[in-house]
Amino acid sequence: MAKLPVLPQTPSAPPGDSHGHPARDDSDWSTLEGRAPTGLHATFSVDELEKQLLEQTGLLHTTLSNISQGILVFDAERRVILYNAQACHLLDLPPAFLATKPTLSILLQFQLQRGDFGPEAALVGQSAREYILGGGHLHPPRRFLRTTPAGRTLEVRTRMMSTGGMVRTIADITRYVQAQADRQHLERLSSEMQATAQVGAWDMDFANDTVTWTEGIYRILELSTTDYVPSLEAMRCFFPPQSLERIAIACDDTQLQPGSFDLELEMVTAKGNTIWVHMVGSTQWRFSLPMRRTAIVQDITERKRSEATWREDIARWKLALESTGDGMWDLDVRTGQEYFSPNLLRMYGFVEKDIDQSIHALDARTHPDDVPRMMRDRQAHLDGRTPVYRNEHRVRCKSGSWKWVLSRGMVISRDELGRPLRMIGTHTDITEHKAAEAQIWQQANFDTLTGLPNRRMLRSRLEQELKKCRRDGHKLTVAFVDLDHFKEVNDTLGHHHGDALLIQATQRILGCLREVDTVARMGGDEFTLLLTEIVDTRHIETILAKLLCTLGEAFLLDQQQVYVSASVGVTIYPDDATAIEDLFRNADQALYAAKDAGRNRFCYFTPELQHAAQRRVRLTNDLRAALAVEQFQVVYQPIVELATGHIHKAEALLRWEHPQRGSVSPGEFIPIAESSGLIVEIGEWVFQRALEQVCRWRQRLHPQFQVSVNKSPVQFEKVDLARSRWIDQIRQHGQEGNCLVVEITEGLLLSHSDEVIEQILALSDDGIQVSLDDFGTGYSSLAYLQKFDIDYIKIDQSFVRQLVGESTDLALCQAIIAMAHALNMQVIAEGVETAQQRDLLAAAGCDYGQGYLFSRPVRSEELEALVLRTNRGVTPMRV
Ligand SMILES: Nc1nc2c(ncn2[C@@H]2O[C@H](COP(=O)(O)O[C@H]3[C@@H](O)[C@H](n4cnc5c(=O)[nH]c(N)nc54)O[C@@H]3COP(=O)(O)O)[C@@H](O)[C@H]2O)c(=O)[nH]1
């Protein structure tokens, strides 16, 4: 601390001028400088006075050393005559420098050079910058602020003294300035926040009849902050009567005191606009009198407007939804209260009073089987996991009946945490739709005639059963059942009776099976059985034997007894195959084998059957190429007139010389050609060859020579209208229709197709004769044949083969011959291999014979030679 010189005393200080120049006032200093209290001169000696003075000087030292402000005292020449340590600290001046009593000018020079004021004294407040840069020669400002290079803010105050000197105080107001800045920042934030949130606050002091409100209220009420001073009375103008009434009830009701309030009110702004505010606050009461009321006010006009629009929208939606015929529901998710529209209530036969307006009302009427799924779906939507709620369930109506409804809905409002508040939706009556759906499902999966599962359902059941078998290691039997001769029944007795037979057959099949088994109708007369849980394969045989037995018994159709049998193909999982397609293919092959073996039996699938099937597939492929590469040949077998031994008829028979397999039997490839449809093209080719041949033979052998051509039923069914009719081609060759005989099978006659019947009759009209092949193996009666204009019937080989005197077969042959003749038909006996057969047949009056006895089927040249020989009187011989 510098030595303190004693300053001269002045009696009074002149007041400061009105321009802010420092006032001359040294009254404080007088105390500091140790002026003696009044009366001391009279009571104390000089020594005592000096002593007192020293004490006061010490006190002054101590005081100056300990105050927070820095002090610099200048004399009239502006020299530093007094300073304290705080001044050195705040101004960062070395005490030694001040001890030299520098003038103000030197001091400022020092500070300027050191950069204390920044370039161009930028760190000094505007009011003092000129003074500083002027080296302190100008009149000093009474107060200015400056920032130190270290970032502190100093407040510098200067007071002129009457002595001509001056006192300068320096205070560090950094913290004050910072706090000031923080406060301003907060105020700015608060103002912005109020503006953004459209919030304000007011405080009403009823005791002092004053109101204070924040800037936000000015904004909300569209008031200018400058020209409006709020008052309790004036505030009432902003509330319309209904709002004042509500305030009176909510805030001024003494029953509620001390009351907090939360109101949504209408207000009218200074510009006359009606707005909505949310007012939350409280009232302080004393002796039943309101003392003070504070409230936060938020402008919620926008929200109210959108709520109103939203309400209108909802109302419109409700109207629209109701007009669709759907029922509407509106659920308050938090309370569970639910509104049901008139349509919805009507849908279930209710009126409003019948049912609680609660979510539980319809939940309780929901079918118990549907509840878990419905709850899951609804919760998923409430939790925000699905965009919409959708569920189909049954609801019990007032009458007790059930209605299927499609319930759809959506959460339309959630709180700030995303929790659902409100959900609306509809109920659509889908009872009829469900019934139709069930019917469609039934039709898609079950056979309408028998009610049995159809092919599609069978596959699905089989998939299930195979899964179980895989899991449990069980075997499963797949059996294809085909009713033998069903087609004949259908064709002869009509579809109505065919249907009746199928229904009865179904009942019989079901009667042979166990609950666990499945029987499906695949279409027509084909059924499939799935025999599950078979431990011993002997059970399969027991079941199938029973099945064949029951299906072999007479069916009573409209008083008529009808007999059919069944052929069954059996395959076993997993022994034969594991895949569905393979099992089906196996069963089909086994069925084929059962039929091939004479029907009315069951056949197990064997690898050999598979090989045979594979062979059939290969033959089919080879057949396609056979015509083009000329692997076919037509051979002829004579048909001998039994009475004379003459030959003027022959049957054209097809032969296939396969390049690798050699000669393939027609018995093998004709069925393949039929099933593949190739028979149409092949048959046409045979017809062409036979026609060409008969033309030649009519010239060379006999003018009435006839060639028989086999025409498969498939050729009648798949008639190619683009091709010219056979009669046209015959005539083009200069022949008449009777040069050819068409051999048809009995089955074809049973067809009730008008087209087929027409074709058969057309043959006769064209003069082409018709021969009925394999007679006796089918169902046709001779009387029935009459209407088809049949010319010949060919007794099947099976009757001729065992033909001996007085046999049943002979009796049958005799009967057939007699009846045929009676009906004006001629008879050809097939398969005549012995002279005895020939003689018996001849004796029975049979017109013609065909068989190895006379000749095997031979090439045309050979037959020609044979005929020439024979007809010259040589007895026909075995070739
Ligand atoms: N749609 C067509 N079917 C045809 C055609 N060619 C032949 N077939 C049919 O194929 C079946 C087998 O015919 P195939 O092997 O030629 O046998 C015929 C004769 O060879 C045989 N036959 C004749 N005599 C005897 C005999 O004394 N013993 C004996 N075991 N077999 C004999 O009979 C078959 C005659 O058949 P069909 O008179 O037609 O009944 C057969 O069904 C043919 O019809 C063709 O071009 N188209």
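Going by an unreviewed UniProt entry, the protein chain carries the name Signal transduction protein and comes from Candidatus Symbiobacter mobilis CR. As its UniProt record puts it under Catalytic activity (unreviewed entry), the protein chain is described as follows: "3',3'-c-di-GMP + H2O = 5'-phosphoguanylyl(3'->5')guanosine + H(+)".

On to the packing of aromatic side chains. This structure, assessed with the given rule, holds 19 aromatic pairs. Ring centres of Phe-687 and Trp-726 lie 4.1 Å apart, and the angle between their planes is 5°; this geometry places the pair in the stacked category. With Phe-687 in helix H24 (residues 679-700) and Trp-726 in helix H26 (residues 726-732), the pair connects residues that are 39 residues apart, well separated along the chain. With respect to class, Phe-687 is no different from Trp-726; both count as buried. Positioned above the aromatic ring of Phe-555 is the side chain of Arg-508, whose terminal nitrogen or guanidinium carbon lies 3.6 Å from the ring centre. Taking NZ or CZ as reference, Arg-856 lies 3.9 Å from the ring centre of Tyr-852, over its face.

Turning our attention to the site of the ligand. In the vicinity of the ligand there are 23 residues, among which Glu-651, Gln-797, Glu-830, Glu-833 and Tyr-852 approach most closely. A distance of 2.8 Å separates an oxygen atom of the ligand from a polar side-chain atom of Gln-797. Glu-833 is positioned such that a nitrogen or oxygen atom in its side chain is 2.6 Å from a nitrogen atom of the ligand. Coverage of the ligand by the protein chains reaches 83% of its 810 Å² of free accessible surface. Among the elements of the structure, strand E24 (647-658), helix H23 (666-676) and strand E28 (769-775) are those that each provide at least two residues to the shell around the ligand. With 4 residues, E24 is the largest single contributor of residues to the shell around the ligand. The residue makeup of the shell around the ligand, split by class, is 8 nonpolar, 7 polar and 8 charged.

For the rest of this paragraph, the subject is unusual backbone geometry. A cis amide bond links Tyr-573 to the next residue, Pro-574, at an omega of 0°. Summarising the element assignment, Pro-574 is placed in the loop between strand E21 (565-573) and helix H21 (580-596). Phi angles above zero are rare outside glycine, and Asp-558 is one such case at about 55°. Within the fold, Asp-558 resides in the loop between strand E19 (555-557) and strand E20 (560-562). Residues other than glycine seldom take positive phi values, yet Asp-789 does so here, at roughly 55°. As for its position among the elements, Asp-789 is in the loop between helix H29 (782-786) and strand E29 (792-795).

The rules behind these values
Residues numbered from 1 in each chain as written. Predicted model: local features only at pLDDT ≥ 70, side-chain atom pairs only at ≥ 80, totals over all residues. Heavy atoms only, no water. UniProt positions renumbered as here; feature names shortened; annotations may be inferred. Phe/Tyr/Trp six-rings, centres within 6.5 Å; stacked < 30°, edge-to-face > 60°. Helix = DSSP H or I, 4+ residues; strand = E, 2+ residues; numbered from the N terminus. Buried < 20%, exposed > 50% of the residue type's maximum accessible area, 1.4 Å probe, protein only. Lys NZ or Arg CZ within 6 Å of the ring centre and 35° of its normal. Near = heavy atom within 4 Å. Polar contact = N/O pair within 3.5 Å; in protein donor to acceptor, adjacent residues only side chain to side chain. Areas by Shrake-Rupley, 256 points an atom, 1.4 Å probe, with all protein chains shown as cover. Nonpolar A, V, L, I, M, F, W, Y, C, P; charged D, E, K, R; others polar.

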